[in-house]
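Secondary and tertiary structure notes
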Amino acid sequence: MDSIKLSNGVSMPMLGFGTFMIKQDCEQHVADALKLGYRLVDTASAYFNEAAVGRAISASGITRGELFVTSKVWVQDAGYDNTLRAFEKTLRELGLDYLDLYLIHQPYGDYYGSWRAMERLMDDGLIRAIGVSNFSPERVVDLALNSDTPPMVDQIELHPFLPQTDAIAEIRKYGCVPQAWGPLCEGQRDIFGNPTLTEIAASHGKTAAQIALKWNLQRGVAVIPRSTNHKHRAENLCLDFTLTDEEMQRITSLDIGHSEIIDHRCAHTARQLINWKIHD
Ligand SMILES: NC(=O)c1ccc[n+]([C@@H]2O[C@H](COP(=O)([O-])OP(=O)(O)OC[C@H]3O[C@@H](n4cnc5c(N)ncnc54)[C@H](OP(=O)(O)O)[C@@H]3O)[C@@H](O)[C@H]2O)c1
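Here's a quick rundown of the structure. (Residues numbered from 1 in each chain as written. Predicted model: local features only at pLDDT ≥ 70, side-chain atom pairs only at ≥ 80, totals over all residues. Heavy atoms only, no water.)

This next bit is on the pairing of strand 5 (residues 68-73). Walk down a regular strand and you will see the side chains alternate between the two sheet faces. By the criterion of burial, strand 5 is predominantly enclosed, with six of the six residues buried. Where burial is concerned, the two faces of strand 5 agree: the one with F68, T70 and K72 and the one with V69, S71 and V73 are both buried. For strand 4 (residues 40-42) and strand 5, the ladder comprises three bridges, and the chain directions are parallel. Note on strand 5: the bridge partner recorded for V41 is V69. Read from strand 4 through helix 2 (residues 50-60) to strand 5, the crossover connection turns out right-handed. Where strand 5 and strand 6 (residues 99-104) come together, four bridges link them in parallel fashion. For T70, the partnering residue across the bridge sits in strand 6 and is L101. (Buried < 20%, exposed > 50% of the residue type's maximum accessible area, 1.4 Å probe, protein only. Helix = DSSP H or I, 4+ residues; strand = E, 2+ residues; numbered from the N terminus. Pairing = 2+ DSSP bridges. Right-handed = clockwise from strand over helix to strand, strands pointing away.)

If you want it as structure tokens, here you go:
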């Protein structure tokens with residue numbers, strides 16, 4: 001499993017297992033992923049599955065140091081004290097005594113307060129690395145230039161229909177590693193039947209899913225595909241091939257220039273996410 005060094009020297013696997021919307025049988029899915037060889041698991045307080053993820057980790061028998069566990073603080077818990085409280089709950093739910101990566105889930109609310117709390121938790125040895133999610137480049141620049149710790153990771157929507165090449169170049173200037181959520185476009189836009197991806201896949205004896213994942217990895221973008229299907233989970237780990245420059249370019253040219261999943265710049269999205277409560 002390839003890894004990338006974050007700006008503070010912490011090593012993060014380039015490929016991990018996503019758990020968004022996995023509630024039913026989450027423990028078994030994560031357990032199977034770990035058995036297959038996944039070593040990074042991505043969860044969030046807003047996924048309501050941290051406890052199940054924690055149980056799978058605990059039962060796996062894998063040494064804690066070999067695992068990389070990511071979670072995220074939700075908008076409702078933005079701010080210094082709220083984030084300290086939310087982190088404590090996350091750690092308790094996961095049954096861990098430290099987290100590898102903690103992210104600000106959405107760019108709303110008092111996330112500067114959250115960031116200072118996360119810096120403190122990192123100083124206290126309770127988090128190994130900190131980052132953000134769904135931050136546009138100008139927000140990454142703002143946080144990087146107005147805090148002691150530039151964000152180490154930005155987890156954003158990145159797939160062949162939304163390569164965000166310019167955004168990635170901007171955040172990299174601050175040592176921020178792009179990590180793709182929705183690397184398979186959540187299965188939308190007929191990604192698995194896309195003619196360009198299936199044609200390239202056939203020439204490598206691979207699937208469209210493997211091509212989409214490899215394309216991100218090959219341009220230095222970490223990926224966290226989700227699957228509740230054992231065969232798919234295994235397939236997503238088998239990426240031992242190389243795309244040519246021409247293939248990379250053909251895939252990048254599938255760019256449709258906007259997200260069909262969520263638009264963080266839209267007022268309606270901001271309202272919806274800010275108003276979505278995950279606890280009393
Ligand atoms: N920070 C954020 O705001 C944010 C937002 C969204 C997601 N995320 C994180 O990113 C992770 C990945 O993104 P995502 O869950 O939205 O979507 P995704 O990984 O892009 O797509 C998941 C979909 O792809 C299918 N799939 C997976 N592997 C496949 C394969 N080899 N062949 C065919 N179909 C395949 C899955 O179906 P099957 O189950 O049938 O395989 C599922 O329907 C999440 O789980 C979560 O951890 C973060």
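After presenting the structure, the write-up continues.
Another aspect to go through is the site of the ligand. If you check the shell around the ligand, you find 27 residues, and the closest are D42, E186, R226, S227 and H232. Within the backbone of F20, an N or O atom sits 2.9 Å from an oxygen atom of the ligand. E235 places a polar side-chain atom, nitrogen or oxygen, 2.9 Å from a nitrogen atom of the ligand. Considering the ligand on its own, with 890 Å² of exposed area, one finds that the protein chains cover 88% of that surface. Within the shell around the ligand, the residues separate by chemical class into 10 nonpolar, 12 polar and five charged. (Near = heavy atom within 4 Å. Polar contact = N/O pair within 3.5 Å; in protein donor to acceptor, adjacent residues only side chain to side chain. Areas by Shrake-Rupley, 256 points an atom, 1.4 Å probe, with all protein chains shown as cover. Nonpolar A, V, L, I, M, F, W, Y, C, P; charged D, E, K, R; others polar.)

This part covers the side chain of T269. With respect to the helices, strands and loops of the structure, T269 is situated in helix 11 (residues 267-275). If we skip the residues at most four places from it in the chain, T269 touches Y108, I262, D263 and H264. (Contact = heavy atoms within 4.5 Å.)

Moving on to the nonpolar core. Residues L6, M12, V30, Y102, I104, I211 and L243 are the most contacted members of the largest nonpolar core, which totals 80 residues. Element by element, the count of residues in this core is highest for helix 8 (residues 208-218), at seven residues. When near neighbours in sequence (up to four residues on either side) are disregarded, Y102 contacts S71, K72, V73, T83, A86, F87, T90, M118, I127, A129, I130 and G131. Of all hydrophobic cores here, the second largest spans seven residues; its members include A46, Y108, L273 and I278. (Core = buried A, V, L, I, M, F, W, Y, C linked by side-chain atoms within 4.5 Å.)

Turning to helix 11, a few remarks are in order. Looking at helix 11, one finds that the buried residues are T269, A270 and L273. The buried residues of helix 11 occupy an angular sector of 100 degrees when the element is viewed end-on, so they sit on one face. Residues of helix 11 that are exposed and point over 90 degrees away from its buried face: R271, Q272 and N275. (Arc of directions from axis to C-beta.)

Burial analysis of strand 6 places six of its six residues in the buried class, the great majority of the element. A crossover links strand 5 with its parallel partner strand 6, the connecting element being helix 3 (residues 80-94), and its sense is right-handed. By the bridge criterion, five bridges tie strand 6 to strand 7 (residues 127-133) in an arrangement that is parallel. Bridge pairing in strand 7 links L99 to I127. In this region the chain leaves strand 6, passes through helix 4 (residues 111-123) and returns to the parallel neighbour strand 7; the handedness of that crossover is right-handed.

A word on the packing of aromatic side chains. What the rule picks out here adds up to seven aromatic pairs. Relative to Y102, the ring of F87 has its centre 5.1 Å away and its plane inclined at 65 degrees; by these criteria the two rings are edge-to-face. In this pair, F87 sits in helix 3 while Y102 sits in strand 6, placing the two residues 15 residues apart along the sequence. According to the relative accessible area criterion, F87 is buried, its value standing at 2%. On the accessibility criterion, Y102 (0% relative accessible area) is buried. (Phe/Tyr/Trp six-rings, centres within 6.5 Å; stacked < 30°, edge-to-face > 60°.)

Keep in mind that these numbers describe shape and distance, not what the molecule does.
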